[in-house]
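# Residue-level structure breakdown
Below are the chains, spelled out letter by letter.
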Amino acid sequence: MKTAASPASLIDVRNLGKTFPAGSRLGFGKQTGGVRAVDGATFTIAPGETLALVGESGCGKSTLGRLLLRLIEPTEGEVLLEGNNLVDLPAARMRAMRAQVQMIFQDPYGSLSPRRSIAQIVAEPLEVFGLVRSARERRERVAELLTQVGLSPTFMDRYPRQFSGGQRQRIGIARAISVNPKFIVADEPVSALDVSVQAQIVNLLQDLKQQRNFSYLFIAHDLSVVRHIADRVAVMYLGRIVEIGPKKAVYGSPSHPYTQALLSAVLEPDPDAAKTRIILKGDVPNPAKVPSGCSFHTRCPIAQPVCKIERPPLAETTQGHFAACHFAAPNPIPVPPAGSGTLTPATASV
Ligand SMILES: Nc1ncnc2c1ncn2[C@@H]1O[C@H](COP(=O)(O)OP(=O)(O)O)[C@@H](O)[C@H]1O
Ligand SMILES: [Mg+2]
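Here is a short report on the structure shown in this document. (Residues numbered from 1 in each chain as written. Chains lettered and ligands numbered in written order. Predicted model: local features only at pLDDT ≥ 70, side-chain atom pairs only at ≥ 80, totals over all residues. Heavy atoms only, no water.)

This paragraph deals with the overall build of the protein chain. Along the protein chain, the regular secondary structure elements total nine helices and 12 strands. Across the protein chain, every contact between residues at least 6 apart in sequence was considered, and the portion connecting residues at least 24 apart equals 64%. In the form shown here, the protein chain has an accessible surface area of approximately 16,900 Å², with 52% of it arising from carbon and sulfur atoms. (Helix = DSSP H or I, 4+ residues; strand = E, 2+ residues; numbered from the N terminus. Contact = heavy atoms within 4.5 Å. Areas by Shrake-Rupley, 256 points an atom, 1.4 Å probe, with all protein chains shown as cover.)

Next comes the structure, spelled out in structure tokens:
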């Protein structure tokens, strides 16, 4: 596969995979083969670029984000940060690398320790990496960081419970940017917030990126949230990236039927638009029993018999825009005319 990788990549992910062993999580005791949470992820992120990662719940987005920061160990593959493979970096060098990568979590309620003051929370990474020398310097840095995320420095001696969801997410962001990272994984950073504050937090993340020029992997479960912040978009289904490309291409001419369905779910109602809403059949299949061939075939509105048998590779459709669909590839298999009677409809019983 052509990967559009360039030596200027900040992050270069190659054939990254993660299988969770069977029964490794409560309630998964009965399965036999384990869960293939991420399969064959290959992509790059340039310095200062925001790659949005979208897909329904359970498709492997958080696992992929955590793999990039080596918060969990991959089953196979490589994650290069400026050319250094994080996957086999010795512990001491990995520790140094940790200052360059940070994570912003979905749940601002659960991710801040309730017994620590805002100053302690925000300054923790600075202390871990020895970036402040005195208590006074620490308070000065915390005051600056709180100001940068739109909070008053007078908040620093308070505790998380005294803040709203949006404010807590700002505290989490202040903490993440404290060490001036090059790369941030933001895992659904606004999903737990009221709709009214979601845009404020997305705008803050966008402003900070422009000021500091770091790169994001910005995870979201639908395409509306990332519309303004993304440079490129990757769409994931059952552990695999099924489409990736520049934002304009993915929103303007989505190639994969799954992307088309996700997009139709967030379209503004427009009486003149020819686009109609695509309703997907059924739920995401059990990730411990991924369907054969194209794993989307059980829900795909245009599935053909070949889709049940052959897994389509990610193929370039237009410049820098890739999709894993037999009917979106540069040389698509011709679709037999409707009503030709030779087709068996895809079923969910694979
Ligand atoms: N620690 C774990 N042990 C076992 N299975 C896991 C673990 N973490 C995630 N999974 C499984 O991996 C799949 C992908 O999960 P996740 O990455 O959280 O998806 P998403 O973030 O897209 O909702 C799911 O089937 C989930 O149950
Ligand atoms: Mg998740």
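Inspection of every chain in the model, using the stated rule, returns zero disulfides. The closest cysteine sulfur to the non-disulfide-bonded Cys-300 is located on Cys-325, 6.1 Å from its own sulfur. Assessed through its relative accessible area of 9%, Cys-300 is described here as buried. (Disulfide = S-S within 2.5 Å. Buried < 20%, exposed > 50% of the residue type's maximum accessible area, 1.4 Å probe, protein only.)

Once that is clear, we can look at the site of ligand 1. If you check the shell around ligand 1, you find 15 residues, and the closest are Gly-58, Lys-61, Ser-62, Thr-63 and Pro-287. Take Lys-61: an N or O atom from its side chain is 2.8 Å from an oxygen atom of ligand 1. A distance of 2.6 Å separates an oxygen atom of ligand 1 from a polar atom in the side chain of Thr-63. When the free accessible area of ligand 1 is taken as 560 Å², the share hidden by the protein chains comes to 81%. For the shell around ligand 1, the elements supplying multiple residues, two or more each, are strand S2 (35-45) and helix H1 (61-68). Of the residues in the shell around ligand 1, the class split is six nonpolar, six polar and three charged. (Near = heavy atom within 4 Å. Polar contact = N/O pair within 3.5 Å; in protein donor to acceptor, adjacent residues only side chain to side chain. Nonpolar A, V, L, I, M, F, W, Y, C, P; charged D, E, K, R; others polar.)

Right, let's get into the nonpolar core. Membership of the largest hydrophobic core comes to 64 residues, with the highest contact counts inside it found for Ile-173, Val-226 and Val-233. Top element by residues in this core is helix H3 (residues 118-128). It accounts for six residues. The contact partners of Val-226, leaving out residues within four places of it in the chain, are Ala-52, Val-54, Phe-218, Ala-220 and Tyr-251. The next biggest cluster of nonpolar side chains, apart from the first, holds 34 residues, and it includes Leu-69, Leu-89, Met-97 and Ile-219. (Core = buried A, V, L, I, M, F, W, Y, C linked by side-chain atoms within 4.5 Å.)

Turning to the pattern of salt bridges, a few remarks are in order. The tally for this structure, following the rule as stated, stands at 19 salt bridges. A salt bridge links Asp-39 to Arg-311, with the nearest nitrogen and oxygen atoms 3.4 Å apart. Remark: Arg-311 occurs in the loop between helix H9 (305-309) and strand S11 (315-318) and Asp-39 occurs in strand S2; sequence separation between them is 272 residues. Accessibility expressed as a relative area gives 14% for Asp-39, which makes it buried. (Salt bridge = Lys/Arg side-chain N within 4 Å of Asp/Glu carboxyl O.)

What follows concerns the packing of H3 against helix H4 (residues 135-148). As a packed pair, H3 and H4 sit with axes 10 Å apart at the nearest point and diverge in direction by 110 degrees. One element, H3, and the other, H4, form an angle in the roughly perpendicular class. When H3 is examined against H4, the residues Ile-118, Ala-119, Gln-120, Val-122, Ala-123, Leu-126 and Glu-127 are found in contact with a partner set consisting of Arg-138, Arg-141, Val-142, Leu-145 and Leu-146. (Axes fitted to C-alpha atoms, helices over the stretch in contact; angles between N-to-C directions. Parallel < 35°, antiparallel > 145°, perpendicular 65-115°, else oblique.)

Ring pairs (aromatic) are described by centroid distance and by the angle formed between their planes. Tallied over the entire structure, the rule returns six aromatic pairs. Here the aromatic cluster, defined as three or more aromatic residues joined through ring pairs, consists of Phe-214, Tyr-216 and Phe-218. (Phe/Tyr/Trp six-rings, centres within 6.5 Å; stacked < 30°, edge-to-face > 60°.)

Moving on, we come to the sheet that holds strand S9 (residues 232-237). On the basis of which strands lie adjacent, the open sheet formed by eight strands has the order S6-S7-S8-S3-S9-S10-S12-S11 and mixed pairing. Every interior strand has two partners, whereas the edge strands, strand S6 (101-104) and S11, have only one. Taken over all neighbouring pairs, the strand axes of this sheet differ in orientation by 20 degrees on average, direction set aside. Bridging between strand S10 (residues 240-246) and strand S12 (residues 321-323) involves two bridges; their strand directions are antiparallel. Its bridge partner being in S12, Ile-244 is matched across the sheet by Phe-322. In the packing of helix H5 (residues 165-177) onto the sheet, the strands contacted are S6 and strand S7 (183-187), and the crossing angle to S6 comes to about 175 degrees. (Pairing = 2+ DSSP bridges.)

At their nearest, the axes of H3 and H5 sit 6 Å apart, and the two run at 30 degrees to each other. Considering their axes alone, H3 and H5 lie roughly parallel with respect to each other. Across the interface between the two elements, Ile-118, Ile-121, Val-122, Glu-124 and Pro-125 of H3 pack against Ile-171, Ala-174 and Arg-175 of H5. For the contact of H3 with H5, a count of residues per class yields six nonpolar, no polar and two charged.

A word on the pairing of strand S4 (residues 76-81). Across five bridges, strand S1 (residues 11-20) lies against S4 in antiparallel orientation. From the neighbouring strand, Val-13 faces S4, where its bridge partner is Val-79. Where S4 folds back on strand S5 (residues 84-85), the antiparallel hairpin that results is connected by two residues, among which Glu-82 adopts a positive phi of roughly 45 degrees.

Time to look at the side chain of Arg-70. Residue placement: Arg-70 occurs in the loop between H1 and S4. For Arg-70, a relative accessible area of 18% puts it in the buried group. Within the structure, Arg-70 has its side chain in polar contact with the backbone oxygen of Leu-86 (distance 2.8 Å). Excluding residues within four positions of it along the chain, Arg-70 makes contact with Leu-86, Val-87, Leu-89, Met-94 and Arg-98.

With that settled, consider the sheet that holds S1. Read across the sheet, four strands follow the order S2-S1-S4-S5 without closing on themselves; strand pairing throughout is antiparallel. Both edges of this open sheet fall to S2 and S5, since each of them pairs with a single strand only.

Without other data, these values stay purely geometric and don't point to any function.
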